[in-house]
Amino acid sequence: MNTYSRLPVSFVKGEGVWLWDSQGERYLDALSGVAVCGLGHSHPRLAEAICRQAKTLIHTSNIYIIERQEQLAKRLAELSGMEKVFFSNSGAEANEAAIKLARLYGHNKGITLPTIIVMEQSFHGRTMATLTATGNRKVQAGFEPLLTGFVRVPYNNLEAVKQVAENNKNVVAVLVEPFQGEGGVNIPQARYLKELRELCDAYNWLLMLDEVQSGIGRSGKWFAFQHSDIMPDVMTLAKGLGSGVPIGACLAKGIATKVLKPGNHASTFGGNPLVCAAALETLAVLEEDGLIEHAHQLGIAMRDQLHSELDGVNGVVDIRGQGLLIGIELSVPCTDLVVKALDQKLLINVTSEKVVRLLPALVMRQDEGKQVVEITCRLIKEFLNNRLN
Ligand SMILES: *Cc1c(COP(=O)(O)O)cnc(C)c1O
């Protein structure tokens with residue numbers, strides 16, 4: 001269906017941070033399939049793990065014990081400090097699981113109209129519940145009636161959450177991205193999560209973190225919440241988890257592990273042997289090759305270089321990010337930059353109309369990162385020069 005306005009290029013091969021189109025032209029990829037291909041394209045170890053698993057066993061059913069799934073759940077628990085995992089096939093589905101978990105948690109407490117606090121500019125997916133939770137009218141328009149049971153507050157605003165706490169006795173959870181990706185690469189104040197945690201504790205709400213984009217090393221830590229000194233009750237993952245193989249996960253800790261019972265939720269494909277093998281290998285490569293720390297360092301180097309090239313340039317509003325989630329906000333809409341970059345054989349993204357977003361693979365080398373920033377800055381300067389002068 002006509003659901004995408006596609007760029008006029010088709011890639012046929014990939015290796016590391018490089019892609020080749022059907023004409024044999026090579027492109028430098030600073031988007032990674034929108035934060036998915038953390039290991040770069042067709043990583044040999046990932047390809048090998050997928051082949052090996054495919055030749056052994058691809059799918060059974062969650063009716064049976066799935067060893068690979070248990071191994072993956074255990075590994076995710078070790079890395080995050082969470083305790084239980086539900087596997088889905090996408091980020092939206094991981095968030096659906098979280099939303100259902102929160103609602104059931106409320107009903108179990110006798111709250112018959114459970115309400116979840118969500119944020120402005122948030123993005124949680126395109127299913128009915130997750131687009132309702134999403135703080136972007138464009139995502140919702142035309143799909144009304146939306147769901148009830150959500151209340152929206154500005155991001156990075158603790159006072160607004162406190163006001164809801166005083167006025168709404170139906171709240172059962174807060175659903176929030178530790179760093180907003182689609183909403184414009186927004187990084188909240190350092191104590192934001194910590195104070196949200198304290199509010200959740202005071203009111204017995206679940207703190208549910210959508211780490212679909214920020215998780216699996218993207219932020220320079222395994223999970224973005226690890227930049228703060230807190231633990232969530234629920235965390236959702238997808239994008240980078242399978243390095244391109246569709247897999248999502250909803251993780252729970254403490255009281256949140258006790259909510260969903262057999263029959264409450266399910267997925268036919270969720271966590272099958274094939275996708276779990278891919279995710280296990282992704283985690284193994286990220287760890288053994290030191291790619292999380294590398295993402296942290298490369299992110300600093302790229303932002304430093306962006307600052308030295310763009311600070312003081314008329315029309316550059318802000319340069320921000322954490323790890324390899326990097327945003328450059330301009331004063332004017334700049335979606336045209338995506339096509340201009342494509343002409344220069346560079347893949348970048350613009351989100352929230354004015355924010356150039358870079359999401360390089362965690363395997364990107366320093367010299368490749370430098371190249372990304374050089375081309376991006378040249379394009380931004382040319383663009384602003386034409387637009388503002
Ligand atoms: C991409 C994204 C989603 C949706 O994931 P899908 O796999 O496309 O359903 C949800 N939350 C966040 C923060 C995302 O970036």
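Since we're looking at a predicted model, the values are computed, not measured.

S.K.: Lay out the pattern of salt bridges in plain terms, naming residues and giving numbers.
M.R.: Under the counting rule described, the total for this entry stands at 20 salt bridges. Between glutamate 353 and lysine 138 there is a salt bridge, and its shortest N-O distance comes to 2.8 Å. With a gap of 215 residues between them, glutamate 353 in the loop between strand E14 (349-351) and strand E15 (355-358) and lysine 138 in helix H6 (residues 137-140) connect regions that are remote in the sequence. The network of salt bridges with shared partners includes Lys74, Arg75, Glu78 and Glu287.

S.K.: Explain the environment of leucine 388 residue by residue, including any values.
M.R.: Residue placement: leucine 388 occurs in helix H12 (residues 366-388). According to the relative accessible area criterion, leucine 388 is partly exposed, its value standing at 32%.

S.K.: So what about the site of the ligand? Which residues, and what values?
M.R.: Close to the ligand lie Ser90, Gly91, Ala92, Asn95, Phe123, His124, Gly125, Glu177, Asp210, Val212, Gln213 and Lys239. One nitrogen or oxygen atom from the main chain of phenylalanine 123 is found 3.2 Å from a nitrogen atom belonging to the ligand. Lysine 239 has a polar side-chain atom sitting 2.6 Å from an oxygen atom of the ligand. Computed on the free molecule, the ligand has an accessible area of 390 Å², of which 81% lies beneath the protein chains in the complex. Residues of the shell around the ligand, tallied by class, amount to three nonpolar, six polar and three charged.

S.K.: Could you give an account of the pairing of strand E1 (residues 11-15), naming the residues involved and the relevant values?
M.R.: Summarising the sheet, E1 and strand E2 (residues 18-21) pair through four bridges and their orientation is antiparallel. Within E2, the position partnered with glycine 14 by the bridge is leucine 19. In textbook terms, the turn of a hairpin is the stretch between consecutive antiparallel strands, and for E1 and E2 this stretch comprises two residues, one of which, glycine 16, has a positive phi near 60°.

S.K.: With reference to specific residues and values, describe the sheet that holds strand E12 (residues 325-330).
M.R.: Ordered by their spatial adjacency, four strands build an open sheet running E11-E12-E15-E14, and the pairing between neighbours is antiparallel. What marks the edges here is a single partner per strand, and that holds for strand E11 (316-322) and E14. Strand-to-strand, the axes of this sheet are offset by a mean angle of 25°, without reference to chain direction. Bridging between E11 and E12 involves six bridges; their strand directions are antiparallel. Within E12, the position partnered with glutamine 322 by the bridge is leucine 325. Across the sheet, helix H10 (residues 291-310) lies against E11, E12 and E15, angled at about 170° from E11, the strand it touches most. Helix-sheet contacts for H12 involve E11, E12 and E15, and the interaxial angle to E12 is about 15°.

S.K.: Account for the packing of aromatic side chains, naming residues and giving values.
M.R.: Scanning the model with the defined rule gives four aromatic pairs in all. Residues phenylalanine 223 and phenylalanine 225 carry aromatic rings whose centres are separated by 6.2 Å and whose planes lie at 10° to one another, so their mutual orientation is stacked. Under the relative-accessibility criterion, phenylalanine 225 is labelled buried at 1%. Lying over the aromatic face of tryptophan 20, lysine 13 brings its terminal NZ or CZ to 4.6 Å of the ring centre.

S.K.: Quick rundown of the nonpolar core? Include the residues and the values.
M.R.: Note that soluble globular proteins tend to have their nonpolar side chains buried in a common cluster. Among the nonpolar cores identified, the biggest contains 87 residues, and Ile328 and Leu330 are the most heavily contacted of them. Ignoring any residue separated from it by four or fewer positions in sequence, one finds leucine 330 in contact with Gly315, Val316, Val317, Leu337, Lys354, Val356, Ile380, Phe383 and Leu384.

S.K.: Explain unusual backbone geometry to me, and be specific about the residues and the numbers.
M.R.: Backbone geometry follows two general trends: most residues other than glycine have a negative phi, and most peptide bonds adopt the trans configuration. Cis geometry is adopted by the peptide bond preceding proline 145, which originates at glutamate 144 and carries an omega value of 5°. Turning to its location among the elements, proline 145 is positioned in the loop between H6 and strand E6 (150-153). For asparagine 156, which is not a glycine, the phi torsion comes out positive at approximately 65°. Mapped onto the fold, asparagine 156 is located in the loop between E6 and helix H7 (158-167). For asparagine 204, which is not a glycine, the phi torsion comes out positive at approximately 60°. Mapped onto the elements, asparagine 204 comes out in the loop between helix H8 (192-203) and strand E8 (206-210). A relative accessible area of 49% places asparagine 204 in the partly exposed class.

Reading the values: the criteria
Residues numbered from 1 in each chain as written. Predicted model: local features only at pLDDT ≥ 70, side-chain atom pairs only at ≥ 80, totals over all residues. Heavy atoms only, no water. Salt bridge = Lys/Arg side-chain N within 4 Å of Asp/Glu carboxyl O. Helix = DSSP H or I, 4+ residues; strand = E, 2+ residues; numbered from the N terminus. Buried < 20%, exposed > 50% of the residue type's maximum accessible area, 1.4 Å probe, protein only. Near = heavy atom within 4 Å. Polar contact = N/O pair within 3.5 Å; in protein donor to acceptor, adjacent residues only side chain to side chain. Areas by Shrake-Rupley, 256 points an atom, 1.4 Å probe, with all protein chains shown as cover. Nonpolar A, V, L, I, M, F, W, Y, C, P; charged D, E, K, R; others polar. Pairing = 2+ DSSP bridges. Axes fitted to C-alpha atoms, helices over the stretch in contact; angles between N-to-C directions. Contact = heavy atoms within 4.5 Å. Phe/Tyr/Trp six-rings, centres within 6.5 Å; stacked < 30°, edge-to-face > 60°. Lys NZ or Arg CZ within 6 Å of the ring centre and 35° of its normal. Core = buried A, V, L, I, M, F, W, Y, C linked by side-chain atoms within 4.5 Å.

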